[in-house]
6 protein chains.
Amino acid sequence: MRIHIVNPNSSAGMTEQIGLVAARYASAGTTLDVTSATGAPSSIEGYTDEAVSVPLMLEEIRAAEARGADAHVIACFDDPGIAAAREVAEKPVIGICEASVRVALLLSSRFSVVTTLPRSIPIIEDLVEAYGAGRRCRRVRSIDMPVLAVEENPEQTAQLLAAEIALARREDGAEAIVLGCAGMTDLCNRLSAETGVLVIDGVTAAVRLAEAVVGMGYRTSKLGAYAAPLAKAGGFGQAVA
Amino acid sequence: MRIHIVNPNSSAGMTEQIGLVAARYASAGTTLDVTSATGAPSSIEGYTDEAVSVPLMLEEIRAAEARGADAHVIACFDDPGIAAAREVAEKPVIGICEASVRVALLLSSRFSVVTTLPRSIPIIEDLVEAYGAGRRCRRVRSIDMPVLAVEENPEQTAQLLAAEIALARREDGAEAIVLGCAGMTDLCNRLSAETGVLVIDGVTAAVRLAEAVVGMGYRTSKLGAYAAPLAKAGGFGQAVA
Amino acid sequence: MRIHIVNPNSSAGMTEQIGLVAARYASAGTTLDVTSATGAPSSIEGYTDEAVSVPLMLEEIRAAEARGADAHVIACFDDPGIAAAREVAEKPVIGICEASVRVALLLSSRFSVVTTLPRSIPIIEDLVEAYGAGRRCRRVRSIDMPVLAVEENPEQTAQLLAAEIALARREDGAEAIVLGCAGMTDLCNRLSAETGVLVIDGVTAAVRLAEAVVGMGYRTSKLGAYAAPLAKAGGFGQAVA
Amino acid sequence: MRIHIVNPNSSAGMTEQIGLVAARYASAGTTLDVTSATGAPSSIEGYTDEAVSVPLMLEEIRAAEARGADAHVIACFDDPGIAAAREVAEKPVIGICEASVRVALLLSSRFSVVTTLPRSIPIIEDLVEAYGAGRRCRRVRSIDMPVLAVEENPEQTAQLLAAEIALARREDGAEAIVLGCAGMTDLCNRLSAETGVLVIDGVTAAVRLAEAVVGMGYRTSKLGAYAAPLAKAGGFGQAVA
Amino acid sequence: MRIHIVNPNSSAGMTEQIGLVAARYASAGTTLDVTSATGAPSSIEGYTDEAVSVPLMLEEIRAAEARGADAHVIACFDDPGIAAAREVAEKPVIGICEASVRVALLLSSRFSVVTTLPRSIPIIEDLVEAYGAGRRCRRVRSIDMPVLAVEENPEQTAQLLAAEIALARREDGAEAIVLGCAGMTDLCNRLSAETGVLVIDGVTAAVRLAEAVVGMGYRTSKLGAYAAPLAKAGGFGQAVA
Amino acid sequence: MRIHIVNPNSSAGMTEQIGLVAARYASAGTTLDVTSATGAPSSIEGYTDEAVSVPLMLEEIRAAEARGADAHVIACFDDPGIAAAREVAEKPVIGICEASVRVALLLSSRFSVVTTLPRSIPIIEDLVEAYGAGRRCRRVRSIDMPVLAVEENPEQTAQLLAAEIALARREDGAEAIVLGCAGMTDLCNRLSAETGVLVIDGVTAAVRLAEAVVGMGYRTSKLGAYAAPLAKAGGFGQAVA
């Protein structure tokens, strides 16, 4: 089985970390194809960063599918362009936010999310709501740190996250925590051990979930919202008329 | 990896069919431990059937965990006793309704469910709502056939299901169909081929999802609603004072 | 009129207290038939306790209906097995959570619930949501005390409840309080007097509500979800085939 | 016990019918005080009719409370002015829409409402939603007949209602029906007998519910939204400055 | 274009202030027709004050429409009688709560409301929910000051509002603030300047929104809920039979 | 006042039609600056078309703001990239779907939307839900016609729309209709006249709403989700590092 993981931003360090964690958690028979969106913003912090990176990411998805991918993972917690990716790909597409939220709902009755910058809170709240968590997601919290700083200061990040997890436990009654940034992937086990709380990482969740859906033999339905893009002048992968 | 699948009813035929489909879709390295709730109703059609079967099913879950299960699948579409099972087990518990709904949400933007008897429609509607599908589940439909008749008349069942799937396509705009009974498991591929619609089976979905969660290394959080039952007179697995 | 009140747990002290409060609030012409589920857990704190007690409670309901009950009250705040009880009984079934929530909605625009253990908070939140309170239930709070300790330490319980009611008033803007445990029944009037807040007890509410529904001449609809359980091997009240 | 029933419109015939049904269903020890809002519209069909009748109805509530009422019933299915009545009265106030919806939720898992004119459908949908029925109210239907015509043509009304109830049964899967107009009160038993469906009348439900709440010993909370109106120039019951 | 603005209370000072702010923000070609409901309560604080003022306000709307109004603004933050006004008027009717909430949703992703008395919090919460803000309205706050005191003590009011806005910023993550009382209109710009937060005033929003809808050429649909009141004895604007 | 209207697709015909309707409805003092996203797909039918057009559209918004725009209108019914546009622009941004939904909610209690292709139905349902219409939007319907065919066959389009509006009236009880495609703009008045139903066009609504917000003196809050994009390698308007 071949799983394509695309980092929609252009940070080489984050792509590397994503690849390492994915490799640690993928099944024995799985081949990983890790890419990043060349030319995309170096991190995704807000709607415009998403908008700029998505067309580049869609190219990676098309190329990976041509190389034989059985499923695709979008490794950014905003799940940018996930619906478009489901149109472009024949094979299943899993976002790390959707994956970790669905796993949190299987393993806890109430959870909280901890992300990087406060500006991402409404974005993630809306995503989590769209994925149907409702009031089972108690709160989306932030450590007020830019994405790239997370990558550069793992020790400080871990301390801030541990403190916020303790707050989520005490104030929200959270039974589990979802890490709200692909750049936090590597800290998951450590935080779980230190805090005694189930901490869920989206890259881990998405890779295994992608394998599972491939194993079920299902693909994205092409009968409605996720039908392939129509051919047209200026359309994806086509010359402008 | 060892996955325990419990059929909460006592129908041997259904347990056998569930085991066969599970074996077809489980990963190479997975050992299946298929049980049924001895003494339970022969089928589960309504809240009382659920209530009677659940304590018996919980015994199977405890016993299977003692035998080394890494995860548990509840193979009845009402997901009976799923919250209690999450208290009793240390390992993840997956219901086939929850599994198939979460997979349907990954692969389609709108889906419908087709079940057996009309009396199960409100039960399933409430479950699907609790799992966060909201209006993405267009409608829960029934073929007005008892559970055991489904098992005994696969040909007639397949025809009724195909007709209902066509209605779901035309009237609901459903992009995918979830089969709303463990007894329909064996018809999934055939219906998908005949109707051209993505048809999702809960047993298939739950077995692969259970493997995935085990592979992630996560377990049910014991910090809140799913903490182990407290020891007390008359409590689960204890003598009455 | 004959009202059957079943305590789904096996605590004799709690059954006695429930019976005393019910007798204080029942109408002159009402005969009370108070039972408890023999062999059930001594208290209900979580989903497994519920699951174990429900089949035993259903037997009490069937027996009481044979003795001529005109309605049934389930005297545990989790309303365990209420849907199954509505299938088994011909006569109306009222749970104390549902009764007190519906009364709170008639008498206040915003209310809070105070229960025993924190693990019951998500259970009650989900119930209150299912009963349609939405954001009119501001918050479900707990005094972090096991059910049986409530019964054994009424003085300490009353002080903890009064403190939590004051918090609900100040932090939640609660206009009324629902007591979230049958074991708190006896403290209702005292707390109302001490705090100046409308405090609602579920046993009181359910007994009077049961009388009211009987007086209207209505019974549970048997046309859908609450139809009588189907006769089958292993079914409720039947021998296993 | 003394229950005040106010018909917010000025139709003498409807007031009489309401009084007769209320007398049939009230408990032995209950004294009924039936009034109507003098000078109000002859029927309430829309928001303006409600707005005009409410201040007149509030006068009746204040006068009845001075005469010793223990509770008040608003006998119009739009529950006009119910929140204001809860401010003005010290004693509980029950609307017939709220009463019948809450009773329908106790006795069925899904129900539909049948009212008079199509223009009332959105009004009732919003009320039923505010009372928390959510998707458990399948649909609000109308027989397209003005309120006063209902009163004048009981035979034709009964036939139209029976036909609509049959549709609600077949198309909505309704397990119970709520009659959406105080003028249909007298037809309730007949429709229940003819259609085999549980049919719920709001006057019946509200009178017994009012008795129940009085019996519980509870009153409307005055700590928030339903506090008594503040004294001010032009305020209710006061001279303009 | 002629915009009618009705203050549903009888406070001359508030009517004057509303007129001044409206004049400051109306377009060059707009004529303002500012009225108040003669004989109405001097301020609107609760449901009864609303109920008493609405019929008087509807008379003002009918009279203004006869004078040639192209649209109507209801200048009280509870939007009292807005649905009835849409029945009575042929021309569009805009409430200041609805206008400011809709504008806040265009200009921010999360906002809070600050009003006068705590008793108005549930009223405004329900309105804001009915207008579809959902969780995008973080919280409705109050400065615990009666409406008329706001008018009499602008300096103290401004200080209390600034403090509450700072709390909304810090605790709610509010990106914008809606002022929850027509009497605060005049403080809007000052508060925006002092706090650095976008502060939205309902009178300003409603006047410009009314102009916009008139400019679009649209009127209230008369095909359903907002059809003109039916002629009947005791009906609006008609003699009692 | 200067309003920038951007057509996010590259169809010259549609841009021209949008400009004509906008000019017909804009206020006397308003200057229109109508652009289209050069190189974008010739029509927007699905998520991928949106994703490809959005970065190009954001460039138009930035350029128009540099030319002095006071507000921006996104003239495609999917409101593509509206959140990103609110980050990029200092001035208010109005989408035609959001504008027409908010206007429909001011002028009717229940409405339906009619769009082009069935694949757009889930997209629009999700938008309308996000804008808070809830069940007040009865249904999103389609005439099963591609966007460019709408432009090329106005007569056939008008007939199909009129037929669908009649269905929306009869089956949905819709009091108003929102046209779900910028290419239908020119048919609005004709359809309103022919069907007798209030028909709302998004371009008309958005232009006037943009003028209104500018007139209020408000701008998008930059304190949270809509803060300007952060400067970074690969970010919008910046060279890749």
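Numbers given for residues are sequential positions, taken from 1 along each chain in its written order. Throughout, the order in which chains and ligands are written sets their labels, letters from A for the former and numbers from 1 for the latter. Predicted model: local features are reported for residues with pLDDT of at least 70 only, side-chain atom pairs are reported and counted for 80 or more only, and whole-chain, interface and lining totals are derived from all residues. As a rule here, side-chain values come from all non-hydrogen atoms in the structure, and water together with hydrogens is ignored.

In the nomenclature of an unreviewed UniProt entry, chain A is known as Aspartate/glutamate racemase family protein of Ruegeria marisflavi. As recorded by UniProt, the Sequence similarities (unreviewed entry) comment attached to chain A reads in full: "Belongs to the HyuE racemase family." UniProt positions are given in the numbering used here, feature names are shortened, and annotations may be inferred rather than shown by experiment.

A. Quick peek at the interface of chain B and chain A. Chain B puts 43 residues into the contact, and the matching count from chain A is 43 residues. Once two parts are brought into contact, the accessible area they lose, counted with a 1.4 Å probe and summed over both, makes up the buried area. Summed over both sides, the interface of chain B with chain A buries roughly 3500 Å², with 63% coming from carbon and sulfur. Among the residues chain B hides against chain A, the three largest losses belong to Leu106(B), Leu107(B) and Tyr218(B). Together they make up 21% of the total. Salt bridges are counted wherever a side-chain nitrogen of Lys or Arg sits within 4 Å of a carboxyl oxygen of Asp or Glu. For the pair chain B and chain A, the interface holds zero salt bridges. For this analysis, a polar contact is any N or O atom pair within 3.5 Å, provided that within protein one partner can donate a hydrogen and the other can accept it, and provided that sequence-adjacent residues contribute only side-chain to side-chain pairs. Seen at the junction of chain B and chain A, the total is 12 residue pairs in polar contact (both at pLDDT 80 or more). Elements that contribute at least two residues to the side of chain B that touches chain A include exactly strand S4 (93-95), helix H4 (96-107), strand S8 (198-200) and helix H9 (202-216) of chain B. Numbering of helices and strands runs from the N terminus; a helix is a DSSP stretch of H or I covering at least four residues, while a strand is a stretch of E covering at least two. A per-element tally of the side of chain B that touches chain A places H9(B) first, with nine residues. Among the residues making up the side of chain B that touches chain A, the classes are represented as 24 nonpolar, nine polar and 10 charged. Contact between two residues is taken to exist if any of their heavy atoms lie within 4.5 Å; hydrogens are not considered. Think of it as three bins: nonpolar holds Ala, Val, Leu, Ile, Met, Phe, Trp, Tyr, Cys and Pro, charged holds Asp, Glu, Lys and Arg, and polar takes everything else, Gly as well.

B. Seen up close, the pattern of salt bridges. Per the counting criterion, the structure on display carries 120 salt bridges over all chains. Asp126(F) is the salt-bridge partner of Arg110(B), the closest N and O atoms lying 2.9 Å from each other. Of this pair, Arg110(B) sits in the loop between H4 and strand S5 (111-115) while Asp126(F) sits in helix H5 (residues 120-130), which puts the two residues in different chains. Relative accessible area serves as the criterion here: at 0%, Arg110(B) is assigned to the buried category. For the salt bridge of Arg24(E) with Asp186(E), the shortest nitrogen-to-oxygen distance reads 3.3 Å. Taken together, the positions of Arg24(E) in helix H1 (residues 12-25) and Asp186(E) in the loop between strand S7 (176-179) and helix H8 (188-195) put the pair 162 residues apart, joining distant regions of the chain. Summary of the burial criterion: residues with accessible area below 20% of their type's maximum are buried, those above 50% are exposed, and those between are partly exposed, where the area comes from a 1.4 Å probe applied to protein chains only. The exposure class of Arg24(E) is partly exposed, given its relative accessible area of 48%. Salt bridges linked by common partners bring Arg110(A), Arg135(A), Arg138(A), Glu125(C) and Asp126(C) together as one network.

C. How the structure looks around the sheet that holds strand S2 (residues 31-36) of chain C. Residue and element names in this part refer to chain C. Pairing is parallel across the open sheet formed by four strands, whose spatial order is S2-S1-S3-S4. Each end of this open sheet is capped by a strand with a single partner; those strands are S2 and strand S4 (93-95). Between one strand axis and the next, the sheet turns through 20° on average, direction left out of account. Bridge count between strand S3 (residues 71-74) and S4: three bridges; the pairing is parallel. Pairing of Val73 across the sheet is with Ile94, part of S4. Any two strands with at least two DSSP bridges between them are considered paired. For helices, the axis comes from a line fit to the C-alpha atoms of the stretch in contact; other axes are also lines fit to C-alpha atoms, and the angle between any two N-to-C directions lies between 0 and 180 degrees.

D. View of helix H7 (residues 154-172) of chain D. Taking 1.5 Å per residue as the helical rise, H7(D) with its 19 residues ought to reach 27 Å, and the 25 Å between its terminal C-alpha atoms agrees with that figure. Once H7(D) finishes, Gly173(D) follows within two positions and takes phi at roughly 65°, a positive value. One fewer than the residue count of a helix, multiplied by 1.5 Å, yields its expected span.

E. View of the relation of the copies chain B and chain A. For the pair chain B and chain A, the relating rotation is 180°, the translation along its axis is 0.0 Å, and the fit reaches an RMSD of 0.0 Å. Both copies are brought into coincidence by an operation consistent with a two-fold rotation axis. The rotation axis passes nearest to the C-alpha of Gly132(B) in chain B, at a distance of 1.9 Å. By residue overlap, the copies meet face to face through one surface: 100% of the interface positions of chain B are interface positions in chain A. In superposing the copies, a least-squares fit is computed on C-alpha atoms, taking residues whose pLDDT is at least 70 in both.

F. Region of interest: the relation of the copies chain D and chain B. Under the fitted operation, chain D is carried onto chain B by 0.0 Å of movement along the axis and a turn of 120°, and the coordinates agree to an RMSD of 0.0 Å. As the rotation angle and translation indicate, the two copies are arranged about a three-fold axis. Considering only C-alpha atoms, the residue of chain D closest to the rotation axis is Arg135(D), which sits at 6.2 Å.

G. How the structure looks around the packing of aromatic side chains. Between the rings of Phe, Tyr and Trp (Trp by its six-membered ring), a pair exists once the centres lie within 6.5 Å; its type follows the angle of the planes, with under 30 degrees stacked, over 60 edge-to-face, and the other angles tilted. With the rule as written, the count across this model stands at six aromatic pairs over all chains. A centroid spacing of 6.3 Å and a plane angle of 40° characterise the contact between Tyr226(D) and Tyr47(E), whose relative ring orientation is tilted. With one member in each of two chains, Tyr226(D) in the segment after helix H9 (202-216) and Tyr47(E) in helix H2 (residues 47-66) form a pair that bridges those chains. Each member of the pair, Tyr226(D) as well as Tyr47(E), carries the same accessibility label: buried. One cation-aromatic arrangement involves Arg62(D) over Phe236(D); the distance from NZ or CZ to the ring centre is 4.6 Å. Any Lys NZ or Arg CZ that is within 6 Å of a ring centre and within 35 degrees of that ring's normal is treated as a charge sitting over the ring.

H. How the structure looks around the pairing of strand S6 (residues 137-142) of chain F. Residue and element names in this part refer to chain F. As judged from the five bridges shared by strand S5 (residues 111-115) and S6, these two strands associate in the parallel manner. Each bridged residue has a counterpart across the sheet, and for Ser112 the counterpart in S6 is Arg139. In terms of handedness, the path from S5 via H5 over to S6 forms a crossover that is right-handed. We call a crossover right-handed when, viewed with the strands running away from us, the connection from the first strand over the helix to the second turns clockwise.

I. Representation of the sheet that holds strand S8 (residues 198-200) of chain A within the structure. All names here are of chain A. Judged by pairing direction, the sheet is parallel, and its four strands sit side by side in the order S6-S5-S7-S8 without closing on themselves. At either margin of the open sheet sits one strand with a lone partner, and together these are strand S6 (137-142) and S8. Taken over all neighbouring pairs, the strand axes of this sheet differ in orientation by 25° on average, direction set aside. Packed onto the sheet, helix H5 (residues 120-130) meets strand S5 (111-115) and S6 and runs at close to 155° relative to S6. Contacts between helix H8 (residues 188-195) and the sheet are confined to strand S7 (176-179) and S8, with S8 contributing the most and set at about 165° to the helix.

J. Focus on the interface of chain D and chain B. At the interface, five residues of chain D touch five residues of chain B. Note that Glu125(B) and Arg110(D) form a salt bridge whose closest N and O atoms lie 2.9 Å from each other. Our count for the contact surface shared by chain D and chain B stands at five residue pairs in polar contact (both at pLDDT 80 or more). When the residues that make up the side of chain D that touches chain B are grouped by side-chain class, the tally is no nonpolar, one polar and four charged.

K. Spotlight on the state of the cysteines. All names here are of chain B. In this description, the term disulfide denotes a pair of cysteine sulfurs within 2.5 Å. This model, assessed by the stated rule, comprises zero disulfides over all chains. Free of any disulfide, Cys76 has its nearest cysteine sulfur in Cys181, 7.4 Å distant. Under the relative-accessibility criterion, Cys76 is labelled buried at 8%. What makes Cys181 buried here is its relative accessible area of 8%.

L. Representation of the environment of Ala158(A) within the structure. Residue and element names in this part refer to chain A. Along the chain, the position of Ala158 falls in helix H7 (residues 154-172). Overall, the relative accessible area of 0% leaves Ala158 in the buried class. Considered as a pair, Ala158 and Leu187 are 29 residues apart in the sequence and their alpha carbons are 6.7 Å apart. With residues up to four places along the chain from it excluded, the contact list for Ala158 reads Leu187, Arg190 and Leu191.

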